[in-house]
Amino acid sequence: MTIKKYLPVIVSGFAAAVLATVPGIKNFSCCLLVPGAAVLSILLDKKTTHSVEKISVKKGLSFGFLTGFIATIFITLFEMLLTYFAKTNDFIQTLPQSELLMQEWNLGPMVNDSLKLMKNMAKQIERTGFSFLYLVMIFFSNFLINSLFGMIGGLLGMNLANRKLKEEGD
């Protein structure tokens, strides 16, 4: 296995991560950017390898998963860098609204413990620009969402590439 084989995945995942840092576009990273990047990775792979074979479901899913994983790594890295330098982020900005919402649910002591943990993360970020728990939290949440939507995009890319192949064959 060479890195050249996975270059379309790396390029597409990085592009999605860069676009995911743009404030207006950031909200659509999971459901539009990552699947779009997965489709792009399949099409780039098809173009660079000059393959005339149909893309398998396994390859579509694996390219989609890897694109989502690469996007997750870079999105998390960019988020942590921006948080480090700004010493604030969306989490800190929305914490008061989250606190009100969680208290309205009236879930008992679990809410108080969660709020204590969230406030501690916010204090660490405001003081040092970094919270390990926040890093773990955003990495795993991005990983779950991006890998799922990446696999969906990989299947869409597989379908699109195979359809193009069929049209060229007719």
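For the structure itself, consult the block above.
Residues numbered from 1 in each chain as written. Predicted model: local features only at pLDDT ≥ 70, side-chain atom pairs only at ≥ 80, totals over all residues. Heavy atoms only, no water.

It is worth spelling out the nonpolar core at this point. With 13 residues, the main nonpolar core has Phe-91, Met-118 and Tyr-134 as its most contacted residues. Those elements that provide at least two residues to this core are helix 5 (90–105), helix 6 (109–128) and helix 7 (132–169). If you tally residues by element for this core, the top one is helix 6, at six residues. Excluding residues within four positions of it along the chain, Tyr-134 makes contact with Glu-79, Met-80, Thr-83, Asn-89, Phe-91, Met-121 and Ile-125. In terms of nonpolar packing, the next biggest core, distinct from the first, is built from nine residues, Ala-16, Ala-20, Ala-37 and Ile-75 among them. (Core = buried A, V, L, I, M, F, W, Y, C linked by side-chain atoms within 4.5 Å. Buried < 20%, exposed > 50% of the residue type's maximum accessible area, 1.4 Å probe, protein only. Helix = DSSP H or I, 4+ residues; strand = E, 2+ residues; numbered from the N terminus. Contact = heavy atoms within 4.5 Å.)

A few words now on helix 5. Given a rise of 1.5 Å per residue, 16 residues ought to cover 22 Å, and the 22 Å separating the end C-alpha atoms of helix 5 matches this to within 8%. At Pro-96, helix 5 shows its largest bend, some 45°. Along helix 5, the residues that are buried comprise Phe-91, Ile-92, Leu-95 and Met-102. Measuring from the backbone nitrogen of Phe-91 back to the side-chain oxygen at the start of helix 5 gives 3.1 Å, which picks out Asn-89 as the cap. (Expected span 1.5 Å × (residues − 1). Bend = angle between axes of the 7 residues up to and from the residue. Polar contact = N/O pair within 3.5 Å; in protein donor to acceptor, adjacent residues only side chain to side chain.)

Looking now at the packing of helix 5 against helix 6. Following both chains from N to C, one finds helix 5 and helix 6 inclined at 170°, their axes separated by 11 Å at the closest point. Classified by the angle their axes make, helix 5 and helix 6 are roughly antiparallel. The residues of helix 6 that touch helix 5, namely those facing Phe-91, Ile-92, Leu-95, Ser-98, Glu-99, Met-102 and Gln-103, are Val-111, Ser-114, Leu-115, Met-118, Lys-119, Met-121, Ala-122, Ile-125 and Glu-126. Of the residues belonging to the contact of helix 5 with helix 6, the class tally is 10 nonpolar, three polar and three charged. (Axes fitted to C-alpha atoms, helices over the stretch in contact; angles between N-to-C directions. Parallel < 35°, antiparallel > 145°, perpendicular 65-115°, else oblique. Nonpolar A, V, L, I, M, F, W, Y, C, P; charged D, E, K, R; others polar.)

Here helix 1 (residues 3–20) crosses helix 4 (residues 57–86) at 45°, and the two axes come no closer than 8 Å. Overall, the two elements helix 1 and helix 4 adopt an arrangement that is oblique. The chirality of how helix 1 crosses helix 4 is right-handed. Here helix 1 contributes Lys-5, Tyr-6, Val-9, Ile-10, Ser-12, Gly-13, Phe-14, Ala-16, Ala-17, Val-18 and Ala-20 to the contact with helix 4, which in turn contributes Phe-63, Leu-66, Thr-67, Ile-70, Ala-71, Phe-74, Ile-75 and Phe-78. Considered class by class, the residues forming the contact of helix 1 with helix 4 number 15 nonpolar, three polar and one charged. (Left-handed = near helix turned anticlockwise from the far one by under 90°.)

A side chain of one charge can pair with a side chain of the opposite charge when the charged atoms of the two come close. For the structure on display, the rule yields four salt bridges. Asp-90 serves as the salt-bridge partner of Lys-26, at 3.1 Å between the closest nitrogen and oxygen. Within this pair, whereas Lys-26 is found in helix 2 (residues 23–26), its partner Asp-90 is found in helix 5, the two being separated by 64 residues in sequence. A residue is classified by how much of its surface remains accessible, and Lys-26, at 29% relative accessible area, is partly exposed. Assessed through its relative accessible area of 46%, Asp-90 is described here as partly exposed. With a shortest N-O distance of 2.7 Å, Lys-59 and Asp-45 are connected by a salt bridge. Residue Lys-59 is found in helix 4, and its partner Asp-45 is found in helix 3 (residues 29–49); the two are separated by 14 residues along the sequence. Classification of Asp-45 as buried rests on a relative accessible area of 6%. Within this structure, Lys-26, Glu-79 and Asp-90 form a network of salt bridges that share partners. (Salt bridge = Lys/Arg side-chain N within 4 Å of Asp/Glu carboxyl O.)

A few words now on the layout of surface pockets. If you add up the space inside the largest pocket, you get close to 630 Å³. Taken together, 24 residues line the largest pocket, and the ones lying closest to its centre are Lys-26, Glu-79, Asp-90, Tyr-134 and Asn-142. Those elements that provide at least two residues to the lining of the largest pocket are helix 2, helix 3, helix 4, helix 5 and helix 7. The leading source of residues in the lining of the largest pocket is helix 7, at seven residues. By volume, the second largest pocket is sized at about 260 Å³. Lining of the second largest pocket is provided by Leu-43, Lys-46, Lys-47, His-50, Ser-51, Val-52, Ala-161, Lys-164, Leu-165 and Glu-168. It is helix 7 that contributes the most residues to the lining of the second largest pocket, four residues altogether. (1 Å grid on protein atoms, 1.4 Å probe; cavity = no way out; pocket = protein on both sides within 12 Å on 5 of 7 lines; lining within 4 Å. Points joined across faces, edges and corners; volume = space filled by probe spheres on them.)

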